[in-house]
Amino acid sequence: MLGLEYFSFSELFSPLFLAFMLLVTAAYFVVIGPLSERFAGSEPVPVSKKISFVCGMLVLYLAQGGPISLLGHMMFTFHMTTMALSYLVAPPLLMMGIPAWLWRAILKVNPFKKLGFLSRPIVAALVFNGLFSFYHFPAVHDYVMLHFAVHRLYYLVLFIAAILMWWTLINPLPEKDKASGLAKIGYIFLNMVLLTPACGLIIFSAKPMYATFSDPNVWAEAMGYCVSGDPSKLLQAFGGPTFFNIMSTKVDQQVGGIVMKFIQEFIFASMLGRVFFRWYRAENKEEDIPPAEFNEGSLNRA
């Protein structure tokens, strides 16, 4: 399906990356389990948090190491899907899965203390959306895709920036969650607006922008980082990325931009509903006193 049958198991599922993700997941359960007593204020971690963390790791693996990652080298639509999963879906799931007492221990590490200013709402939104938009300039994107070390480093920095961007909305530390509901709503709209120009440029471009998905030679070189063997054999066997694409290169690019924007809108709309509900409930909690309780208090004062 979509040409995946032409690739080996290791090329489709990246066993080394899978082993790394399983190791990190195992470490998580060891830390919140047998080693939890070593952390100040540690408490039992609810099942919901454990599920959230595991789901976050699964999404991140599928986006960066599973078949979706390989498809992202052949179709721009899947490339944007991996970006959305990696930076809009996985980070909040992972953040919600880590208990507050573990976050406090993590943030005590000196390098993280020095990065505190980056978690300020405006700064975090500008940094993440700026890095994401900059990456999708054609020259930058193609360069990153053709240089493995730069590719991994840029994706790591972008992932950290995504966590900082999400921090205002998914703040796991009650004592640090000082943003009001109205401020969070404004912050959500800010992020939605900041990503729009990059998506709009991709969607409304009159021609294919990325050589990685339109030039067979560039595509084969980029594919060399995720498949074994001589990349030139890919050209001999398939001729280029269009062999795997069910759409024209231009349409694929447009659909990719739409997919990214749609996922962003859906995620942030869901978060908007969550924030608004909590804000409304907090603002009206004093009006939710049961009548019986109110009457009883009035009689006692009388």
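Residues numbered from 1 in each chain as written. Predicted model: local features only at pLDDT ≥ 70, side-chain atom pairs only at ≥ 80, totals over all residues. Heavy atoms only, no water.

### Focus on a nonpolar patch on the surface
Argument step 1. A surface patch of nonpolar side chains, about 350 Å² in accessible area, is lined by Leu-153, Leu-156, Val-157 and Ile-160.
Argument step 2. Secondary-structure assignment places Leu-156 in helix 10 (residues 148-167).
Argument step 3. Taking the relative accessible area as the measure of exposure, Leu-156 reaches 47% and is therefore partly exposed. (Patch = residues over 30% accessible without salt bridge, like charges linked within 9 Å, V, L, I, M, F, W, Y side chains within 5 Å. Areas by Shrake-Rupley, 256 points an atom, 1.4 Å probe, with all protein chains shown as cover. Salt bridge = Lys/Arg side-chain N within 4 Å of Asp/Glu carboxyl O. Helix = DSSP H or I, 4+ residues; strand = E, 2+ residues; numbered from the N terminus. Buried < 20%, exposed > 50% of the residue type's maximum accessible area, 1.4 Å probe, protein only.)

### Brief notes about the packing of helix 3 (residues 47-64) against helix 5 (residues 76-97)
Argument step 1. Orientation of helix 3 relative to helix 5, taken along the N-to-C sense of each, is 160°, at an axis distance of 7 Å. The orientation of helix 3 relative to helix 5 falls into the category roughly antiparallel. Considering how the two elements wind past one another, helix 3 and helix 5 form a crossing that is left-handed. On helix 5, the residues touching Lys-49, Ser-52, Phe-53, Cys-55, Gly-56, Met-57, Val-59, Leu-60, Ala-63 and Gln-64 of helix 3 are Thr-82, Leu-85, Ser-86, Tyr-87, Val-89, Ala-90, Leu-93, Leu-94, Met-96 and Gly-97. (Axes fitted to C-alpha atoms, helices over the stretch in contact; angles between N-to-C directions. Parallel < 35°, antiparallel > 145°, perpendicular 65-115°, else oblique. Left-handed = near helix turned anticlockwise from the far one by under 90°. Contact = heavy atoms within 4.5 Å.)

### Examining the pattern of salt bridges
Argument step 1. Across all of its chains, the model carries three salt bridges by this definition.
Argument step 2. With a shortest N-O distance of 2.9 Å, Arg-104 and Glu-175 are connected by a salt bridge. Placement of Arg-104 in helix 6 (residues 100-107) and of Glu-175 in the loop between helix 10 and helix 11 (181-203) is noted, with a sequence separation of 71 residues between them.
Argument step 3. Owing to a relative accessible area of 38%, Glu-175 belongs among the partly exposed residues under this scheme.
Argument step 4. As a salt-bridge pair, Lys-261 and Glu-265 come within 3.2 Å of each other at their nearest N and O atoms. Taken together, the residues span about one helical turn, with Lys-261 and Glu-265 both in helix 15 (residues 249-283) at a distance of four residues.
Argument step 5. Lys-261 sits in the buried class, given a relative accessible area of 13%.
Argument step 6. Exposure remark for Glu-265: the relative accessible area of 29% places this residue in the partly exposed category.

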